[in-house]
Amino acid sequence: MPLDLTIPERTASTCRAAMRFCARHRWAPLAEMPIPCGRRLDIMALTPEGCLFAIEVKSGPRDFLSDNKWHEYRAWCDRLYFAVDCDFPQELIPEEIGLIVSDGFDAVMLRDTEHRPLAGARRKSLMHRYAVLAAGRLAAAMDPMGAQEMRAALLCE
């Protein structure tokens, strides 16, 4: 990955590569998914088996070391991964967390993580949240004006 990328460009590149990785494995990735604890996952991926995998994207060591909230994400997924670029010092990522590494275009999984199944009620709630968010984004992409009107109507209520 070019070293002259800005931090936002590096983050976006790693995120795109992680989503390509997901698609290649038949996981359905959804970026920027809010979860009930008030946090937002960088990527939530739904697998063909119905599992929910969280992928936290890190732009560099400073981003990782200043983030103390990622521990909370484990309670909201079946598996948790970090996605980083090739220049990231991988030894910073805890051994018990999965590791996906990007070359700026695509990504590979260097380390899988333990499967910790979600409780049924939590899975149902997250699946509903995932579906509503994905459907809303698809509807907005197909009808930007309608989505804008809907947002304005919701703001007025």
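Every chain is numbered on its own, with residues counted from 1 as its sequence reads. Predicted model: local features are reported for residues with pLDDT of at least 70 only, side-chain atom pairs are reported and counted for 80 or more only, and whole-chain, interface and lining totals are derived from all residues. Excluding hydrogens and water, the side-chain values take into account all heavy atoms of the structure.

K.L.:
Describe the nonpolar core, listing the residues and the values that go with them.
P.N.:
Residues belong to one nonpolar core when they are buried, are Ala, Val, Leu, Ile, Met, Phe, Trp, Tyr or Cys, and are joined through side-chain atoms within 4.5 Å. Exposed residues in this analysis have more than 50% of their type's maximum accessible area, buried residues have under 20%, and partly exposed residues fall in between, with area computed by a 1.4 Å probe over protein chains only. One finds Trp70, Leu80, Ile93 and Leu126 to be the most contacted residues of the largest nonpolar core, which totals 23 residues. Broken down by secondary-structure element, the contributors of at least two residues to this core are strand S1 (28-34), strand S2 (40-46), strand S3 (52-57), strand S4 (79-85), strand S5 (98-102) and helix H3 (120-142). Where helices and strands are cited, they refer to DSSP runs of H or I of at least four residues and of E of at least two residues respectively, numbered from the N terminus. Counting residues per element, this core draws most heavily on S4, at three residues. Those residues in contact with Leu80 that sit more than four places away from it in its chain are Ala54, Trp70, Tyr73, Arg74, Ile97, Gly98 and Thr113. If you look at the next biggest cluster of nonpolar residues, it comprises 16 residues, including Ala17, Cys22, Ala45 and Tyr81. Contacts are assigned to residue pairs with any non-hydrogen atoms lying within 4.5 Å of each other.

K.L.:
Lay out the sheet that holds S5 in plain terms, naming residues and giving numbers.
P.N.:
Spatially, the six strands line up as an open sheet ordered S1-S2-S3-S4-S5-S6, and their pairing is mixed. Pairing within the sheet leaves two strands with one partner each, and these edge strands are S1 and strand S6 (107-111). Here the strands of the sheet are splayed against their neighbours by 30 degrees on average, with no regard to which way each runs. Under this scheme, a helix contributes an axis fitted over its contacting stretch, all axes are lines through C-alpha atoms, and angles between N-to-C directions fall in the 0 to 180 degree range. Sitting on the sheet, helix H1 (residues 7-24) is in contact with S1, S2, S3, S4, S5 and S6, with an inclination near 80 degrees to S6. Running over the sheet, H3 touches S1, S2 and S3 and is turned about 95 degrees from S1. Being paired, for any two strands, means DSSP has found at least two bridges between them.

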